[in-house]
Amino acid sequence: MPARLEIDGGVPLHGSVRVSAAKNAALPALAASLLTAEPVRLTNVPDLVDVRTMVRLVETLGATIRREHGELAAQVARVTNDVAPYDLVSTMRASVLVLGPLVARHGSARVALPGGCAIGVRPIDQHLKGLARLGAEIAIENGYVVARASRLKAARIATDLVTVTGTENLMMAAALAEGTTVIENAAREPEVVDLATLLTAMGARIRGAGTPRVEIEGVSELAGTSHRIIPDRIEAGTLIVAGAITGGDVTVTDLVPDHLSALMAKLGECGVALEVGPTSVRVRGPGRPRAADVTTSPFPGFPTDMQAQVMTLLGLADGQSRVTETIFENRFMHVAELARMGARIETDGAIAVIRGVSCYQGAPVMASDLRASAALVLAGLAAHGRTTVSRVYHLDRGYERLETKLTALGARIERRA
Ligand code: EPU
């Protein structure tokens with residue numbers, strides 16, 4: 001039987017907890033190692049299932065990886081294979097991040113089309129349109145994207161919507177293209193900025209990362225470097241909500257407060273007391289949170305990756321809240337499971353209306369995706385009685401030792417095989 005978490009809820013969490021590095025910054029950083037023959041040394045790399053999957057993928061493409069204590073050196077002396085196979089891409093959509101670097105450095109890439117996933121259809125048309133603008137020939141053959149180019153040429157690319165990995169793929173491709181590429185409507189997420197910082201350290205010339213207009217002046221070659229991955233703002237947010245939902249007193253350290261502004265503003269509206277330090281946030285839970293309305297949007301808006309966790313908090317609020325999910329069309333899978341714990345939530349398309357209850361009851365629940373699993377763990381921490389969260393492999397894709405961190409804060413949570 002796959003592992004599950006057993007949680008005896010109702011313990012206010014206390015103490016201090018350190019945030020790990022961002023999964024969604026580590027994945028593009030590993031893909032970026034394909035852009036140079038020299039070693040790219042990454043420090044503060046989180047030990048996560050998704051990171052291991054990306055390591056396996058770049059290894060199949062020719063990388064030699066050395067990993068020691070959270071430090072990882074990737075060297076792709078030569079790209080020996082240009083195929084990202086379906087078995088890897090279907091377990092992790094972020095595999096598509098190798099597409100841009102492979103075409104730019106190697107001149108060809110064959111990447112399995114990801115297909116849909118638990119949270120939505122998630123097409124990659126914007127990645128492909130952008131690469132075509134850079135001069136790549138793109139075809140779909142037997143479920144694979146086949147992209148070819150002798151040398152990519154700079155272009156002005158205006159994406160139809162804001163896409164995080166799309167922006168990252170195009171930035172990496174443009175870094176080795178001939179001329180200056182402009183990406184309009186670029187994603188502004190901190191993970192995009194972190195990738196730009198890494199690429200710049202590798203010798204790329206990038207301006208405007210973190211704004212909707214990114215300019216990349218292509219160079220003919222990139223070099224190795226050393227880079228520290230930024231803290232995971234979603235893990236940080238999840239731990240902050242854990243402190244709030246249990247009525248605890250928790251200091252979350254090693255984070256970047258500016259990356260959490262939208263979340264902290266919303267928690268403030270809910271009556272959660274936050275003390276913000278230079279690299280930490282102390283959270284003290286309110287007796288009962290106040291209701292609030294949340295709409296997800298690209299950074300600097302409220303992150304879709306915190307929607308499920310905050311809905312879990314709002315489920316216990318005094319009053320009625322409304323959550324609108326604008327990024328993914330199917331990201332309310334946690335609602336039915338929260339209902340099993342006593343939550344009163346109704347959904348209609350992209351909108352969830354939450355009538356707060358005074359407590360959750362422990363129950364067996366099933367995780368459907370990464371952030372939904374985190375939401376169920378939070379509900380379990382707050383609930384009366386025992387909650388068993390099954391299918392925690394979803395959680396392991398993106399949270400490093402979550403139960404160990406929560407145990408250190410006083411939670412009663414155990415992993416069972
Ligand atoms: N979209 C398209 N066409 C494209 C690209 C995206 O229609 O070519 C749509 C998507 O279907 C979605 C929206 O645009 O409706 C935004 O998707 P985006 O491309 O920004 O998402 P992503 O890059 O695939 C990253 C994170 C996700 C996070 C989203 C939104 C990584 C590896 N993944 O995905 O993280 O939810 O941005 O912020 O960076 C997670 O960590 O749990 C996770 C799902």
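The preceding data block contains the structure.
One structure accompanies this document, and this report is about it.

Cut-offs used in this document
Throughout this description, residue numbers start from 1 for each chain and increase along the sequence as written. For a predicted model such as this one, the threshold for reporting local features is a pLDDT of at least 70, and the threshold for listing and counting side-chain atom pairs is 80 or more; totals across whole chains, interfaces and linings nevertheless cover every residue. Side-chain numbers here rest on the full set of heavy atoms in the structure, without hydrogens or water. Helix and strand definitions follow DSSP, with helices as H or I runs of at least four residues and strands as E runs of at least two, each counted in order from the N terminus. In this setup the radius of gyration rests on C-alpha atoms only. A globule is expected at 2.2 Å times the number of residues raised to 0.38. Buried means the residue's accessible area, taken with a 1.4 Å probe over protein chains only, is under 20% of the maximum for its type, while exposed means over 50%, and partly exposed covers the values in between. Here, two residues are considered to be in contact whenever any of their heavy atoms come within 4.5 Å of each other. Shrake-Rupley sampling with a 1.4 Å probe provides the accessible areas, and residues are treated as covered by the protein chains on show and by no other component. The pairing criterion for strands is at least two bridges between them, as found by DSSP. Proximity is defined per residue: if any heavy atom of the residue lies within 4 Å of a molecule or strand, that residue is considered near it. Polar contacts, as counted here, are pairs of nitrogen or oxygen atoms within 3.5 Å of one another; within protein the pair requires one atom able to donate a hydrogen and one able to accept it, and residues that are adjacent in sequence qualify only if both atoms are side-chain atoms. When residues are grouped by polarity, Ala, Val, Leu, Ile, Met, Phe, Trp, Tyr, Cys and Pro land in nonpolar, Asp, Glu, Lys and Arg in charged, and all others, Gly among them, in polar. Here the nonpolar core consists of buried residues drawn from Ala, Val, Leu, Ile, Met, Phe, Trp, Tyr and Cys, with membership extended through side-chain atoms lying within 4.5 Å. Where helices are involved, their axes are fitted lines through C-alpha atoms of the stretch in contact, as for all axes, and angles between N-to-C directions lie from 0 to 180°. For this classification, under 35 degrees means roughly parallel, over 145 means roughly antiparallel, 65 to 115 means roughly perpendicular, and everything else is oblique. Left-handed describes a crossing in which the near helix is turned anticlockwise from the far one by less than a right angle; the clockwise case is right-handed.

From N to C terminus, the protein chain includes 14 helices and 24 strands. Against the 2.2 N^0.38 benchmark of 22 Å for 417 residues, the protein chain shows a C-alpha radius of gyration of 21 Å, consistent with a compact globule. Judged by the C-alpha coordinates and their principal axes, the protein chain covers about 60 × 45 × 45 Å. Buried positions account for 57% of the 417 residues belonging to the protein chain. Here the analysis covers contacts within the protein chain between residues at least 6 apart in sequence; of these, 73% occur between residues at least 24 apart. For the protein chain, the exposed surface amounts to about 15900 Å²; the carbon and sulfur share of it is 49%.

Relative to strand β21 (residues 351-355), strand β20 (residues 344-348) runs antiparallel, the two sharing 5 bridges. Bridge pairing in β21 places Arg344 opposite Arg355. Counting the residues that bridge the hairpin from β20 to β21 gives 2 residues, and of these Gly349 lies at a positive phi of roughly 60 degrees.

Turning next to the site of the ligand. Around the ligand sit 21 residues, and of these Asp125, Thr163, Thr165, Asp305 and Ile327 come closest. Within the contact set of the ligand, an oxygen atom lies 3.1 Å away from a side-chain nitrogen or oxygen of Asn24. One of the side-chain nitrogen or oxygen atoms of Asp305 is found 2.6 Å away from an oxygen atom of the ligand. Summarising the interface, the protein chains cover 87% of the accessible area of the ligand, which totals 830 Å² for the free molecule. Of all the secondary structure elements, the ones that give two or more residues to the shell around the ligand are α1 (23-32), α5 (125-133), α6 (164-175) and α12 (370-382). The leading source of residues in the shell around the ligand is α5, at 3 residues. Class assignment for the residues of the shell around the ligand results in 9 nonpolar, 6 polar and 6 charged.

This paragraph deals with the nonpolar core. Counting residues in hydrophobic clusters, the biggest one holds 78 residues, and the most contacted among them are Leu35, Val98, Leu99, Leu152, Met171 and Leu199. Residues contacting Met171, with those up to four places away along its chain left out, are Ile183, Val192, Leu195, Ala196, Leu199, Val214 and Ile216. Grouped together as the second largest cluster of nonpolar side chains are 65 residues, Val310, Ala379, Leu402 and Leu406 included.

Here 4 strands make up an open sheet; going across it, the order is β22-β23-β1-β24 and the pairing mixed. What marks the edges here is a single partner per strand, and that holds for β22 (364-366) and β24 (412-416). Ignoring which end each strand starts from, the neighbouring axes of this sheet average 20 degrees apart. Here α12 sits on the sheet and contacts β1 (4-8), β22, β23 (386-390) and β24; the angle it forms with β1, its principal contact strand, is near 25 degrees.

Okay, the side chain of Ser95 next. Mapped onto the secondary structure, Ser95 falls in the loop between α3 (86-91) and α4 (99-106). Judged by its relative accessible area of 0%, Ser95 is buried. In contact with Ser95, other than residues within four places in its own chain, are Met54, Leu57, Leu88 and Val89.

Moving on: the sheet that holds β20. Strand order in the open sheet formed by 4 strands is β18-β19-β21-β20, and the pairing between neighbours is mixed. Edge strands, defined here as strands with exactly one partner in the open sheet, are β18 (293-295) and β20. Averaged over all pairs of adjacent strands, the angle between strand axes in this sheet comes to 15 degrees, irrespective of strand direction. Relative to strand β19 (residues 320-324), β18 runs parallel, the two being bridged by 3 bridges. In the sheet register, Val294 faces β19, and the bridge partner there is Val323. On top of the sheet, helix α10 (residues 307-314) reaches β18, β19, β20 and β21; it is set at about 170 degrees to β19, its chief contact.

Two elements in contact, helix α8 (residues 233-245) and α12, have axes whose closest approach is 9 Å; the angle formed by their N-to-C orientations is 20 degrees. Judged on the interaxial angle alone, α12 and α8 are roughly parallel. Judged by the twist between their axes, the crossing of α8 over α12 is right-handed. When α8 is examined against α12, the residues Ile234, Thr238, Val241, Ala242 and Ile245 are found in contact with a partner set consisting of Arg371, Ala374, Leu378, Leu381 and Ala382. Its residues placed into classes, the contact of α8 with α12 shows 8 nonpolar, 1 polar and 1 charged.

To continue, consider the environment of Val96. Along the chain, Val96 turns up in the loop between α3 and α4. Separated by 319 residues in the primary sequence, Val96 and Arg415 have C-alpha atoms spaced 32 Å apart. If we ignore the near neighbours within four places in the chain, the residues touching Val96 are Val111, Ile124, His127 and Asn169.

Moving on, we get to the pairing of strand β9 (residues 144-148). Where strand β7 (residues 108-112) lies against β9, 5 bridges are found, and the strand directions are antiparallel. What sits directly across from Ala109, in β9, is Ala147. As paired elements, strand β8 (residues 137-141) and β9 share 5 bridges and run antiparallel to each other. By the bridge assignment, Ile140 is partnered in β9 with Val145.

Once that is clear, we can look at the environment of Asp249. With respect to the element layout, Asp249 can be found in strand β15 (residues 249-253). When the C-alpha atoms of Asp249 and Ala223 are compared, they prove to be 45 Å apart, with 26 residues separating the residues in sequence. Apart from residues lying up to four places away in sequence, Asp249 is in contact with Leu13, His14, Gly15, Arg282, Val283 and Arg284. A distance of 2.7 Å separates a polar atom in the side chain of Asp249 from a polar atom in the side chain of Arg282.

Geometry only, nothing functional implied.
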